[in-house]
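The chain contents come next:
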Amino acid sequence: MPTLETLPFDNAFARLPEAFYTRLPPAPLPDPYLVAASPAAAALIGLDAAEIARPEFAQAFAGNRLLPGSEPLAAVYSGHQFGVWAGQLGDGRAHLLGEVAAAGSGWEIQLKGAGQTPYSRFADGRAVLRSSIREFLCSEAMAALGIPTTRALCVVGSNAPVRREMMETAAVVTRLAPSFIRFGSFEHWASRNRPDELRQLADYVIDRFRPACRDAANPYAALLADVARRTAALIARWQAVGFMHGVMNTDNMSILGLTLDYGPFGFMDAFDAGHICNHSDDHGRYSYRSQPQIGHWNLYALGHALAALIGEPEDIQAILEESYAPTFEADFMDLLRAKLGLARALPGDEDFVADTFDLLQRQHLDFTQFFRRLGSLPAAVDEALRPAVDAPLRDLAIDRDALDAWLAVWRARLGAEGRPDAERQAAMQSVNPKYVLRNWIAEAAIRAARGGNFSEVEAVLACLSQPFAEQPAFERFAAPPPDWAAGLAVSCSS
Ligand code: AMP
Ligand code: MG
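Cut-offs used in this document
Residues numbered from 1 in each chain as written. Chains lettered and ligands numbered in written order. Predicted model: local features only at pLDDT ≥ 70, side-chain atom pairs only at ≥ 80, totals over all residues. Heavy atoms only, no water. Helix = DSSP H or I, 4+ residues; strand = E, 2+ residues; numbered from the N terminus. Buried < 20%, exposed > 50% of the residue type's maximum accessible area, 1.4 Å probe, protein only. Contact = heavy atoms within 4.5 Å. Near = heavy atom within 4 Å. Polar contact = N/O pair within 3.5 Å; in protein donor to acceptor, adjacent residues only side chain to side chain. Areas by Shrake-Rupley, 256 points an atom, 1.4 Å probe, with all protein chains shown as cover. Nonpolar A, V, L, I, M, F, W, Y, C, P; charged D, E, K, R; others polar. Domains from an automatic or database assignment. Axes fitted to C-alpha atoms, helices over the stretch in contact; angles between N-to-C directions. Parallel < 35°, antiparallel > 145°, perpendicular 65-115°, else oblique. Left-handed = near helix turned anticlockwise from the far one by under 90°. Pairing = 2+ DSSP bridges. pLDDT = per-residue confidence, 0-100. Phe/Tyr/Trp six-rings, centres within 6.5 Å; stacked < 30°, edge-to-face > 60°.

Student: Looking at this model, I keep getting lost on the overall build of the chain. Mind explaining?
Tutor: Helix and strand counts for the chain come out as 17 helices and twelve strands. Dimensions of the chain, computed from the C-alpha atoms along their principal axes, are close to 70 × 55 × 45 Å. In the chain, which comprises 494 residues, the share counted as buried stands at 58%. Sequence separation of at least 24 residues holds for 72% of the intrachain contacts in the chain that already meet a minimum separation of 6.

Following this line, the structure appears as structure tokens:
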């Protein structure tokens, strides 16, 4: 097994021409200490979990000690932020160390928060402990939920002060992904009228990650269709688990369809389709209900950027119309059927799913608890026993008559399938998580970590790595927000 010193680096991105990035080392972080590490992420790059305990581990992932074979660089990209063209952005606080070879496409290792780069604009190149813990925990939680995402290897902290709304301390989160290329990486070259670089980047993505696109009449059209389908599949999964990204700018959209750039994200507690998890998003552009259409908007921006390689606007539009909405709708319905315990697709399912969201919205039911508890109910129940049997769900409801009416429809729909209860209940528990990274859980772990106690971060990581399992030791993490968390707000500041 490789050690820190023998990781097999093979840095494909660094072999692209220099126009795509700037080579520069991370800025050292004073007196770094390990806050948390993910053994599952370490395994992805073949790193022995014992390496985590070495002092060199924190030094390496603070950016203080270069790993042999790494070639640090910051990549350039541009993008649309909140619907407005923002021009050049780029890795303002991220250093790509290189790519560790693995079966398949390999894993790029990136330090986030390791100092300024030519793309930092007026910012300090740092990340704070709070946002680094949030990104670390959510990356690993999403992976365990089976949702495509960049991964997180570790968080390293330091007592170096960093100014945000208040003074905080610095940290570096180490991320892993096959690639961190964004929609905005393509928009960058299109906006500068540089078709050669645009094509080079598209060829890089196709050759390394989507070789099947080469067989198409127009490989770039095939790439756009692939990105559209993956983005649709990704956002369907976000909606089904109640995840809100918070900043779906095109520079935060992965060309591989991964969840990328965790900032002011949130998981739905009491359901509200209009919920805005990002305190800085005044108009709710990225609210829960808007996410699917924003995905579409962002794909138009990508399609427009790829136009020089694909053809006329009508061609781009045709590709997106064929790929995005149909994939989203099919995936979303499949996911919701599974959440509701329905094994087969039947006419009327769309209406039933709409009625389900209506129920959630009217009663502001806790999204995670609702589906999890539903999974424990029997398909048939004696009328006299019904209030007691349905109590787990009825206890969540304000309007119990409305819930009872919905349950009657649900049971009739289950009756049409006749699947044994035990089989259906097990299937539901395997898709409806008991544990998600609610804001209050992240906040509690951050508060403990600020006080020097990292065990809560570790506990949350352990719990969320098995989100579908009953874990009596972590029952507390299944709870909706406690009173102290009522006013928690997360913003773009990270
Ligand atoms: P984000 O909203 O985090 O996706 O960041 C948007 C852009 O701002 C990206 O180019 C980031 O690299 C850059 N950026 C955000 N925070 C910082 C920071 N503290 N220092 C340097 N660049 C930053
Ligand atoms: Mg970003």
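Student: I would appreciate a short explanation of the site of ligand 1 in the present structure.
Tutor: Gly90, Gly92, Arg121, Gly125 and Asn252 are the nearest of the 17 residues found near ligand 1. Gly92 is positioned such that a nitrogen or oxygen atom in its backbone is 2.8 Å from an oxygen atom of ligand 1. Interatomic distance of 2.8 Å between a side-chain N/O atom of Arg121 and an oxygen atom of ligand 1. Burial of ligand 1 by the protein chains amounts to 82% of its free accessible area of 480 Å². For the shell around ligand 1, a count of residues per class yields three nonpolar, six polar and eight charged. The residue makeup of the shell around ligand 1 includes at least three contributed by each of domain 1 (4-183) and domain 2 (195-338).

Student: Can you help me understand the packing of helix H4 (residues 183-191) against helix H7 (residues 291-305) in this one?
Tutor: A pair of packed helices can be characterised by two numbers: the angle between their axes and the separation between those axes. Between H4 and H7, whose axes approach to 8 Å, the crossing angle comes to 40°. As far as their axial angle goes, H7 and H4 are oblique. In this structure, H4 meets H7 at a crossing whose hand is left-handed. Residue-level inspection shows Phe183, Phe186, Glu187 and Ala190 of H4 in contact with H7, the latter providing Asn298, Leu299, Ala301, Leu302 and Ala305. Split by residue class, the contact of H4 with H7 holds seven nonpolar, one polar and one charged.

Student: It is not clear to me how helix H11 (residues 367-374) should be interpreted in this structure. Could you clarify?
Tutor: An α-helical segment advances 3.6 residues per turn. Residues three or four places apart therefore align on the same side. Of all the eight residues making up H11, seven are buried; the element is thus mostly covered by neighbouring parts of the structure. Taken as a whole, H11 has its buried residues at Phe367, Thr368, Gln369, Phe370, Phe371, Arg372 and Leu374. The inward-facing, buried residues of H11 abut helix H6 (219-241), helix H9 (313-340), helix H10 (349-363), helix H13 (391-394), helix H14 (400-415) and helix H15 (421-429). The opening residue of H11, the one whose side-chain oxygen lies 3.3 Å from the backbone nitrogen of Thr368, is Asp366.

Student: Whenever I open this one, the side chain of Arg438 confuses me. Can you help?
Tutor: Structurally, Arg438 is set in the loop between H15 and helix H16 (439-450). The exposure class assigned to Arg438 is buried, which follows from its relative accessible area of 0%. Only 2.8 Å separates the side chain of Arg438 from the side chain of Asp366, close enough to count as a polar contact. Setting aside residues no more than four positions away along its own chain, Arg438 makes contact with Met268, Asp269, Asp366, Thr368, Gln369, Ala478, Ala479, Pro480 and Pro481.

Student: Would you explain the pairing of strand E4 (residues 78-81) in this entry?
Tutor: Regular strands have side chains that alternate between both faces of the sheet. Here E4 pairs with strand E5 (residues 84-88) via three bridges, running antiparallel. Bridge pairing links His80 to Trp85 in E5. Between E4 and the antiparallel strand that follows it, E5, lie two residues; Phe82 among them carries a positive phi value of about 50°.

Student: Any chance you could explain the environment of Ala75 here in plain terms?
Tutor: Position of Ala75 relative to the elements: it lies in strand E3 (residues 73-75). Take Ala75: its relative accessible area is 12%, and that puts it in the buried class. Spatially, the C-alpha atom of Ala75 lies 28 Å from that of Cys277, the residues being 202 residues apart in sequence. The residues contacting Ala75, other than those within four sequence positions of it, are Phe13, Phe20, Tyr21, Gly90, Asp91 and Tyr119.

Student: What's the story with the confidence of the model for the chain in this structure? I'm lost.
Tutor: Detailed conclusions should not be drawn from predicted coordinates in areas where pLDDT is low. Mean pLDDT for the chain: 97, with 100% of residues reaching 70 or above. Of all helices and strands in the chain, the one with the weakest mean pLDDT is helix H1 (residues 39-44) (96), whereas H6 scores best (99).

Student: Quick question: what am I supposed to make of the packing of aromatic side chains here?
Tutor: For any two aromatic rings, the description comes down to two numbers: the centre-to-centre distance and the angle of the planes. Evaluation of the coordinates by the stated rule reveals 25 aromatic pairs. Relative to Tyr286, the ring of Phe82 has its centre 5.1 Å away and its plane inclined at 40°; by these criteria the two rings are tilted. Here the residue Phe82 occupies a position in the loop between E4 and E5, and Tyr286 occupies one in the loop between strand E12 (266-267) and H7, the gap between them amounting to 204 residues. What makes Tyr286 buried here is its relative accessible area of 1%. Measuring from centroid to centroid gives 6.0 Å for Phe243 and Phe265, while their planes differ by 25°, and the two rings are stacked. In this pair, Phe243 sits in strand E11 (residues 243-244) while Phe265 sits in the loop between E11 and E12, placing the two residues 22 residues apart along the sequence. You'll find Phe243 and Phe265 in the same group, each marked buried. In this structure an aromatic cluster arises from ring pairing among Phe271, Tyr288, Phe328, Phe332, Phe352, Phe357, Phe367, Phe370, Phe371, Trp406 and Trp410.

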